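# Observations on the three-dimensional arrangement
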Amino acid sequence: MDSPSSPSSPRHILGVPSRDDPVLAPSGSGGISAGGGTSSASAGIGSGTSGGGIPVPPNLVRPPPPPEDDDDPPSRAPSSGSGDGHLGSGHSSGQDNNDPPPKLIRQSSDTAVYRTAAGDVGIKVLVAADPTEEHVLRLVHEHRISRSLPPHCRRREIIDVKGFKGDPAVYFRWARGDTLDEWMRKQERGNSRKRSSDISIDSRRRSGDLAFSPSGDEGEGAGPNARPVDANSDGRGRASAAVGGRADGDGEADGEVDADLIARVKVAIAIAETLRDFHEGGFLYNNLSPSDVVIDVHEGNYTATFVDLSEAVIFYDRGAEFRRSAAETDLRRFGLMLKRLFRGGNWDDDDDEVATLSPWDRFSAASAAASVTSDGRSLGSQHRLRSPSPHSRSDRKEDPSTRKRGKGPNASGEGLPMYLGTLANALLLPEGGDAGGNPCGSVGGRAGSSDRSPPATYASASDVLSDLRAALKNPRAFLRPPVLDDALVRGRLKLPEGAFYGRHTEVGMLCHALGSATTFGGGGSGRGGREGARGAGGPAMMACVSGGAGTGKTSLVNQIQKPLREAGGYMICGKFESRSKTTTAVVFEALDAFYANLIAMSSGEEGAAADVAAAWAARRDVRRRVLADVGSAGCRALARSIPSLGTFLGDLGGGRGGSDDRADAEAESDGLGSKALGPAAAEQRWKYLLCKLVAATSSEGRPLVIFWDDLHWADETSLDIIWMMITDPDIRHCLFVVVYRDNESAPAQRLKELLHGMQEQGVSLISIKIGPIDKECVNSLVSEALCLPPSLSQPLSSIVHNKTGGIALFVTRFLKSLNEEGLLWFNLSSRRWEYDSHGIEQKEISEDVVVHMSERMTRLPHGMQSGLKLSACLGSIFDVGTLEKGISENEFDIDEFLRFAVEGGYLRVLSPGKFMWAHDQIQQAAYQLIPEEKRESFHLLLGSRMFLRSTLTRLDSDLFAIVGNMNVGARLIRSRDQRLEVARLNLTAGEMAMASSSFNGAASYLMRGVALLPDDSWREDYDLTMRLYDAATEALFITGDFEALSSMIQIPLMQARCFEDKLNSYHILIRYLVASGQMRQGIAKCISVVAQLGEIIPDPAGLDSNIYTAEVQLVKRSLTDLSEEDLLTLPLMTDKRTLVCMQFMNHILTAAYSCEPLLAPILVFRMVRLSVSQGVSDISAFAFGLYGAWLVSAINSDFEGGYRMGRLAIALMNRLGATEFIPRVYTSVYAFINIWKEPFQTGLAKHLEGYDAGVLTGDMEFSINCLYNYSACALNNCGEELAMLESHVRLYIRRAIQCKQRWNTKFLLLIHDQILQLIGSSESSFSIFSHHSEENMYQEALQNREVTICRFVLYKRKFLAFFYGDMDTAAALFEMSTEFPIGANARMSHICISILIDGLIAFFFARKHREDEGRWQNIGEAVIDLTRQWATSSEWNFINKVYLLEAEYFFWKNDQVKAVDKYDQSIKAAHNHRFVHEEGLAYERAAQFHLHHQRNNEAVVCLTMAKKCYEDWGAHGLVNRIEQSISKLV
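An account of the accompanying structure is given in this report.

## Thoughts on the overall build of the protein
Tallying secondary structure elements over the protein gives 64 helices and 21 strands in all. For the protein, buried positions account for 60% of its 1530 residues. When contacts within the protein are restricted to residue pairs at least 6 apart in sequence, long-range pairs at least 24 apart make up 73% of them. Accessible surface for the protein amounts to roughly 59200 Å². Of this, 50% is attributable to carbon and sulfur atoms.

## Digging into the sheet that holds strand β14 (residues 704-709)
Within a sheet, neighbouring strands are paired by backbone hydrogen bonds and run either parallel or antiparallel to one another. An order of β13-β14-β15-β12-β16 is seen for the five strands of this open sheet, with the pairing classed as parallel. Two strands lie at the open edges of the sheet, namely β13 (570-575) and β16 (764-770), each paired on one side alone. Strand-to-strand twist across the sheet, computed as the mean angle between neighbouring axes with direction ignored, equals 15°. Across seven bridges, the pairing between strand β12 (residues 541-547) and strand β15 (residues 734-741) is parallel. Bridging from a neighbouring strand, Ala-543 pairs with Val-737 of β15.

## Notes on the sheet that holds strand β7 (residues 178-179)
A sheet is described by the order of its strands in space; here three strands give the open sequence β7-β9-β10, paired in antiparallel fashion. Each having just a single partner strand, β7 and β10 (301-306) make up the two edges of the open sheet. With respect to the sheet, helix α4 (residues 259-280) is in contact with β9 (293-298) and β10, its orientation differing from that of β10 by roughly 45°.

## Some words on the nonpolar core
If you look at the biggest cluster of nonpolar residues, it comprises 330 residues, and the most contacted ones within it are Met-542, Trp-708, Leu-711, Phe-1144, Phe-1184, Tyr-1187 and Trp-1513. The element best represented in this core is helix α58 (residues 1390-1406), accounting for 13 residues. Beyond its immediate stretch of four places on either side in the chain, Tyr-1187 contacts Val-1115, Lys-1116, Leu-1119, Val-1164, Phe-1165, Val-1168 and Met-1205.

## Quick word on unusual backbone geometry
Phi is positive for Asp-1121, which is not a glycine, with a value near 65°. Along the polypeptide, Asp-1121 turns up in the loop between α43 (1105-1119) and α44 (1124-1128). Here the phi dihedral of Ser-1197 falls at roughly 55°; this positive angle occurs in a residue that is not glycine.

## Quick word on the pattern of salt bridges
This structure, assessed with the given rule, holds 58 salt bridges. In this structure, Glu-1335 and Arg-1357 form a salt bridge, with 2.8 Å as the shortest nitrogen-oxygen distance. Here Glu-1335 is found in helix α55 (residues 1334-1343), whereas its partner Arg-1357 is found in helix α56 (residues 1347-1363), with 22 residues between them in sequence. On the basis of relative accessible area, Glu-1335 is assigned to the partly exposed category, the value being 34%. Ionic pairing is found between Asp-1512 and Lys-1508, a salt bridge with its closest N-O pair at 3.2 Å. Here Lys-1508 and Asp-1512 lie together in helix α63 (residues 1496-1513), a separation of four residues that amounts to about one turn. Classification of Lys-1508 by relative accessible area gives partly exposed; the value is 44%. When salt bridges with common partners are traced through the structure, they connect Lys-575, Asp-709, Asp-710, Arg-741 and Asp-920 into a single cluster.

## Description of helix α45 (residues 1136-1155)
Relative to the 28 Å expected for 20 residues at 1.5 Å per residue, α45 spans 29 Å between its end C-alpha atoms, a close match to the ideal helical length. At Leu-1149, α45 is deflected by roughly 40°, the largest bend along its length.

## Description of the pairing of strand β5 (residues 158-164)
The buried fraction of β5 is high, at seven of seven residues. As judged from the six bridges shared by β5 and strand β6 (residues 167-173), these two strands associate in the antiparallel manner. From the neighbouring strand, Gly-163 faces β6, where its bridge partner is Pro-168.

## Quick look at the state of the cysteines
A disulfide bridge is the covalent bond that connects two cysteines by way of their sulfur atoms. Summed over the entire model, instances satisfying the criterion amount to zero disulfides. For the unlinked cysteine Cys-1392, the closest cysteine sulfur is that of Cys-1273, found at 8.8 Å. Look at Cys-1392 and you get buried, because its relative accessible area is 0%.

Calculation notes
- Residues numbered from 1 in each chain as written.
- Predicted model: local features only at pLDDT ≥ 70, side-chain atom pairs only at ≥ 80, totals over all residues.
- Heavy atoms only, no water.
- Helix = DSSP H or I, 4+ residues; strand = E, 2+ residues; numbered from the N terminus.
- Buried < 20%, exposed > 50% of the residue type's maximum accessible area, 1.4 Å probe, protein only.
- Contact = heavy atoms within 4.5 Å.
- Areas by Shrake-Rupley, 256 points an atom, 1.4 Å probe, with all protein chains shown as cover.
- Pairing = 2+ DSSP bridges.
- Axes fitted to C-alpha atoms, helices over the stretch in contact; angles between N-to-C directions.
- Core = buried A, V, L, I, M, F, W, Y, C linked by side-chain atoms within 4.5 Å.
- Salt bridge = Lys/Arg side-chain N within 4 Å of Asp/Glu carboxyl O.
- Expected span 1.5 Å × (residues − 1).
- Bend = angle between axes of the 7 residues up to and from the residue.
- Disulfide = S-S within 2.5 Å.

Following this line, the structure appears as C-alpha cells:
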C-alpha cells in the first residue's frame, strides 16, 4: 500500500498533500476551477507516473501540511478554523479571517460535508484515513458529469475540485430544500400530529425558514434555508391538483383525495422530471436514493435536484441496448423510491427488495466501459462503479433514528391507490417482464397460467412522468383510496359515469355558441308598441350535433352543463324515442323535469344547489317573469300537463282581471282548447303558451339551453314545436341544441329540410359532426376504467380500439363483455385489474354494436334476459309498477333484475322506482333478444297482461303503453270481440292524445283503431265506427295529412245513417278544401250543406245586383226599430241546426272575402238575421262587427251606423264571454270601423291586444291578421318611426311564417318591403324571407283571381312611385288598380292614403293641360268630395288631407293665394295630429307649387322642412331625393 505521502497516493492525484506532510499548500496554489482551470474531464491529471498511479501535474502537488496532534483520531474532520478558502475566488486559497468558518453539516467514515456561512456553497471533503484511488476518482468524475449535463438538468452544480485543509474536496452550489428522506419524515410527523390533534399545520409553520435538524444523509437540504414541508398544502387536508408540481388549474380540485398523497405525487413528478432530463441528456444517474434527491417547493412549484453525481454514467454515445439497460437501472430504483414515497415508511425496510434487484450485475458487461478514468479510459473490473446498494456509498452514514422505525401509516400498502401501486410495480420489473409479477396481471391468462404475454413496463422516464401528471390531473379517478366494494370483490367492472374523452374542438364550438347566445341574446321582441323598446336581439342560436349511433353525441352536449351553471343558466332536456311515447309527452316531460329540478334546487335537497338562498332568488325571479308573460290563465292551462310548473309557481288562484279572467274561464272550461275554434286552435294555443313559457324562463342573467336528443325519431308535430321555439322572436338568451343520427336516411333528409328552412329564417346554425374517438381517447377511457396508468393501458386500449373502431358505446360494452367472459378480471391478491391480451386479440366480435350487445345478452341467465326484453318494450323510461304488470308469474325477481341491470350499465336510476335505459342502442339490443317472428305475439301478450292487471285508476297512466304494445301485435288478433275491444282502447288513447294536443299521436292511434274495425262495423257497431272516423278525420286535418284525409273523409259521408251524423265530416271537409286552396269548392260545399240545414245561400255564379239589393233590404228590415240595447239583450241561440249554420258560414267568410267579394257581405247579412231571429251565439259578435264594417264601406259610408255596430259587437262579445273571437271582432271594429270615427293612433294598441288574445285562444289566422293591421296603420296612417317599425314587422313576418299563416305573410312581406325602400335599404323583404319575388306573387294572385293581394301590390308600388316623384309610373299603377274595385267590402286604413295619392296624381296631370285634363279633373274633384265626407266624421284623421287636396286644386286653378293658404293649413293640421309623413308630403307639394311660380327661395325652405319631416319619419331614401333637389336649386 502506498504511503499517504507518496506521490502516487490518492491525495496527490488531485495535488492535495497528505496530513503527514510538514506544511499546507501555500496560498494561491493551483486547482481545478469551474471557470477555466485544468479539468480532469479534458486532460490527464499529473505529468508523470509513480507506482502505477495516475500522473499529476506539478502545479497540483502541494507542500506538506504542518504537523497535527497525534491524539486526533484519523477520521476526525479538519478543523473548521482553517481551509482552502472561498469557492470560486481563484486568487487565495486561504479563508478571510473575518468570515465565519464553514459549518459541518454531516460526516461519515469517508466524507464530511460543510456549508459556508453564506449558505450558498457546500464542500464535500474526502476524510477517509486511507482513501483509495477510486474515492478520489469519484470526485473527479462527479465534476465531469456536472459540467457535461445540459444546463436545464437539476443537479448538484460542481464549482471546483481542490483541497480543503489538506484533503481532496469538491466545491458545489448548495441545493435549496430537504432531501427526500427529510421531506418524508416531515410529512409523516405532520400526518401523525394531524391524526392526534386538529391543530392546523399553519399554526406551527413559521413565516421564515424551518430550523435544521442534522441528519446523516449526504444530500444537502438541511440548513437555515430549508423550506416548509408542502407550501402548496393549507394544513387542513386540502391541496390543489397541480400538474407537474405546479398549481396550474388543469385538474379539478381533488376534494376527497388526501392532501398528503397529492403532495407526494407532486414530489414524484418533480423527481421524474429531473430523471427524464438526465436520460434525455444522455446520462444514467445510476444510484437513485432518497438521500440523493433534494426537494424544494416554492409557491406550489416542486423541484427535485440530484446531488451526488459520483456514480452517474454517460451513455448518449452508446448503443441502443446499452441505453435501454442503463435507463432500466434508474427506472427500477425510481420504482422502489416511489413505493416508499407513496406508502410512507422507511427506505431501510426495503433493503431486501433492493438486494434482489442486482441491477449492476445484470448488465455489468454493458456498463464496464462506463467506469472510466478522468481521461475517459476504462478502470477495469477493479474500478467498476458500485452496486446501487444504499450502504455502498462511502459518504453515507446510518441514521439510527430511521433504521427501525417500522412502517408508516401506508407501509403495508393498504390505502395505496391502485393506479400508483401499478405504476410503481411496473417500474420494478425489467423491460419485457419477468415471472415475478406484472403490473397489469398475468396478461396471458389468469394468475398461475403458463401462457403469459409480456407485461406492460416502462421504457422511459418520460412515460412515467406523463402517467404521474395524468394522476394529478384527474385525482378523483386515479388517486382515490381503493374501496373493495361488492362489485370489485365479485370482479365486476364499473365504468365511470359521465366520462368524456377528447373532442376539444367540438366542445369549444358548443361553448362558443353558448357564449354567443348568452351575450347577444338572439331573437327579439315579438310585438310593437308597448314592448317595442326592448328592441331586437341577435339571431337565434342553434347547434346541431350529428353522427352515428353510439359515437357520444349526448355526452358531448353534456359538457356545456358546467359552463352553463357558471353562467347561472339552466338546461331543459328532452329525448325522443322510436316507440311507446306520444309527441307532447317528450316536451311536457322535459319541462316537468326541469321545473322539478328548480324546486329541488331551491329546497336544498340532496344533489341540489348548495346556495339555497341564491336558488330561492332565482326561483322568485323566474316565477315573476313567467306569471307576467304567460299569465295566470296560461300557467294554469300548462300546469295540467306540467304538474311541477304548478308547484313551482305556487298559488295560481285569482286572475288579474279583465280579459285575463275571461281567458282563464275559457281555459278552465276547455283546458288548452278553444270552444268555438276547435282542436286546431287548441294546438296553436298550447304551442304559443310553451313558447311564452320558455321566453319567460330565459333571461340575460339566467341563460337557457334547450336540448332535444334523438331528433331523428321526432314526428312532424315535434318538429313543428321545435321550429316554433327556435324561430320565436320572443325567446332570447337561449341556445337550442339538437342531436340526431346522420345515418338514418329518411329522417336525415327531413331534418336537413327543416334546418335549411330555419337558416332561411335567420337562425344562426352551427353544425357539429362527430365520429369515432381516436386511440388516445380510448386509452384514456381504459386507463380510467381500470385505474391503470395510460402508458400501461396502451396495449389493451390498442386492441379495444381496433376491435370497436373507436365507437364510444361499443368501447364500453366491449370492455363489459371482456369482464363477463373472464378476459378482464380483478385480482384480489394484487388488488388491480388484469387481462388476457392474447385471448382478447383472438376474440371475434360483430362490427355492429347492437348485434354485439345482443349476442352478449344471450349468455345472461334466462331471468335477466326476460327482464331486458320486457323492459325494452316499455320505452326509454318506465317505472317498476308498469314492469310488474308485464311479467308472468315467477318469471324473474324484479328487484334482482333491476339491481343487475343497473350494475351492468343497462339501466340508470332516474328516481326511486323509475328507470331509464343507459342508451337507446342498449335498448335496441335488448329488443333484438326477441326473435323477429315472435315480436308481434310478445307485444300483444305484454299489452294484454298490462290491460288485465291495470285498475281503472291506473288505466289512464298506462293506456299509451298498453295500446302501443297491443297495436304491434294487432295483426294476430282474430276474435271479432277482441278486435273491437282494442279498437275502443285506440279510440280512448286517441281522444286522450287529442285532449293533450298530441295530434300526430292521436292520428296514429285512431287510424289503428279504424284498421281494427270488422268489415260489418258500420252495420253492427255503428256508434264506435262513427266516433273513430270522426276523430280520425279531425286528427288528420289538424296534422295536415290531406292526402289520407281526402280519401278517408268520403267513407263516413257515404256510410252515415243520417244527415246529422255527417255534419262533423262536412265541417272537416269544408275546412280542408279552404285550407288546401280549393276555396271555391269549399264555398260550394258549404252552401250545399247550409241549404240542407234550411238556409238557402245564393250561388256565387248567379249573384247579381237584384239579389244583392234584396239581401240588403232583408237585413235592414230585421234591424228596424231595434236599439243597441235591444240587440245586446237578445236571447241565446239554442236551435242546434241554426248554430251549425252559423259555424259553416263562419268557415268560409275569409275564403269568400278573398275570391267571391259579392258573397262575403251576403253571408254576413244571413248571420245577422239569424242572430236577430234565433238568438245570439259567440259567432254573432263577429257577425255584427262585420256588418258594421259593411256599413262604413264605400257604397254606404254610414259611419255612425257602423260605429254603433262596432260598439255592439264588442259589448256582445263581452257579454257572451267569447274571448276566442277577440282577434276577429277587433279586426272588424278597429281595422274597418273606428278609423272613420277615432284617431288612427288609438287603434294601434287594440291591434296588439287582439294579437295577444288570439294566440292565447289559438286563433292564429286572425291574431297574425291583427299584426298586419297594426303594421299597415302604423306605416300608412300614423307615420310611425320607420326603423323601429321595420324591426317589428320583420319579427311579425317570422311569427307568421312560424304559425304557417301564408296569406297574412304575403301582406306583411309587402309592408316590410315598402318600409325597406322608404328607408333606402338595398335589401328586399322577399329575398330575406321568401323564395319568390314580388312579381311572382302578383302574377300568381292574378292567375288565381286573389283580388285583395293584387290590389295591395299595386297600392304599394303606387305609393313608392309617388313619394319618389315618378308620377308617370304612379299614374299607370292607378289605372291598373281600377281593375280591382273594393266594392261592398270593408275599406282598410291604407285605402285612405291610397285615395289621397289618387287625388294628388289627378291634379298633377290636370295641370299638364293635356287632352285628358277633364278626366283627371273629375277624379281629383271626386277625391276632394270623398275626403270632405270623411272629415265630417273624423276631422283628426282627414282634415289635413282635405286641405292638401284643396291646395292642389287651387294650384291647378292658378289661385296662388288660396293655394298657399291651404298648403299652410295642411302642414299645420298634419303637424298637430302627429302625421309626420303627411306633413313632409305637404311641404314637398308646396315646394313644387313655389317652383312652378319660380319662387326658388320659398321652394328651398319648403324642401328643407320636408327633408326634416322625412328624417323624423326615418325615410332616408326620400331624404336623399330631397337633398338632390335642394342641391340643384342652391
